[in-house]
Amino acid sequence: MTAPKSAPRYAVLFCCMGNICRSPTAEGVFRAEVEQAGLADVVRIDSAGTHAYHIGEPPDARSQRHALKRNYDLSRQRARAVRDSDFEEFDLVLAMDWDNLALLQERCPEAHRHKLGLFMSFAPEAGSPIVPDPYFSAADGFERVLDLVEHASRGLLAHVQQCLQAQDAASQVS
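In this report, the structure presented in the accompanying data block is examined.

Cut-off values and rules
- Residues numbered from 1 in each chain as written.
- Predicted model: local features only at pLDDT ≥ 70, side-chain atom pairs only at ≥ 80, totals over all residues.
- Heavy atoms only, no water.
- Helix = DSSP H or I, 4+ residues; strand = E, 2+ residues; numbered from the N terminus.
- Axes fitted to C-alpha atoms, helices over the stretch in contact; angles between N-to-C directions.
- Parallel < 35°, antiparallel > 145°, perpendicular 65-115°, else oblique.
- Left-handed = near helix turned anticlockwise from the far one by under 90°.
- Contact = heavy atoms within 4.5 Å.
- Nonpolar A, V, L, I, M, F, W, Y, C, P; charged D, E, K, R; others polar.
- Buried < 20%, exposed > 50% of the residue type's maximum accessible area, 1.4 Å probe, protein only.
- Arc of directions from axis to C-beta.
- Polar contact = N/O pair within 3.5 Å; in protein donor to acceptor, adjacent residues only side chain to side chain.
- Pairing = 2+ DSSP bridges.

Positive phi, close to 60 degrees, is recorded for Asn19, a residue that is not glycine. As for its placement among the helices and strands, Asn19 is situated in the loop between strand S1 (10-16) and helix H1 (22-36).

Below is the structure:
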């Protein structure tokens, strides 16, 4: 008999406009970081778009190709739009840029607005407050996205680990 799988204790949602370039890249890279840290059973990771342009489609072929060069497989992901329930279900809802953050802020109930933020806030040393949209750019745009996302994923992982440790400490006290 195998041990029961742990229920996720922390959940992160990455958001961009169409959920085919930046947010699926962030989902794939962060998932790899979480798996490497041994936290795959306790951290839920997803991505969504603020617009419903590409629902059900896989990530952009260029995003997949560049990610695969760095050993991130995005092929099983499918685009979806942000749902109202996401604001309640996720501990963090992270936008790739200011425009998408503004759209999330407009839609998010006041009680959950503290969960919203910019993904790049987890990598201030990267020198960019946003992950720029590579959709209309050449290959270097997709490589830049991966560079930024890898940077921010490391900072986000440290944050999530601190949150999980705080949960553990709180459960020992109660």
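Okay, the packing of H1 against helix H5 (residues 139-173) next. Where H1 meets H5, the axes come as close as 9 Å, and the angle between the chain directions of the two elements is 50 degrees. Taken together, the axes of H1 and H5 lie oblique to each other. For the pair H1 and H5, the crossing hand works out as right-handed. Contacts from Arg22, Thr25, Ala26, Val29, Phe30, Glu33 and Val34 of H1 reach H5 at Val145, Leu146, Val149, Glu150, Ser153, Arg154, Leu156, Leu157 and Val160. Grouping the constituent residues of the contact of H1 with H5 by class yields ten nonpolar, two polar and four charged.

Listed as buried for helix H4 (residues 98-107) are Asn100, Leu101 and Leu104. The buried residues of H4 occupy an angular sector of 105 degrees when the element is viewed end-on, so they sit on one face. Residues Trp98, Asp99 and Glu106 are exposed on H4 and point more than 90 degrees away from its buried face. Buried residues along H4 sit in contact with S1, H1, helix H3 (86-89), strand S3 (92-95) and strand S4 (116-118). Between the side-chain oxygen at the start of H4 and the backbone nitrogen of Asp99 there is a gap of 3.2 Å, and the oxygen is on Asp97.

As summarised here, the arrangement of the four strands in space is S2-S1-S3-S4, forming an open sheet in which the pairing is parallel. Both edges of this open sheet fall to strand S2 (43-49) and S4, since each of them pairs with a single strand only. Strand-to-strand twist of the sheet, defined as the mean angle between neighbouring strand axes without regard to direction, takes the value 25 degrees. Sheet topology places S1 next to S3; four bridges connect them, and they run parallel. Its bridge partner being in S3, Leu13 is matched across the sheet by Val93. The strands touched by H1 are S1 and S2; relative to S2, the strand with the most contacts, the crossing angle is about 170 degrees. Its contacts with the sheet place H5 against S1, S2 and S3, and it is angled at close to 150 degrees to S1.

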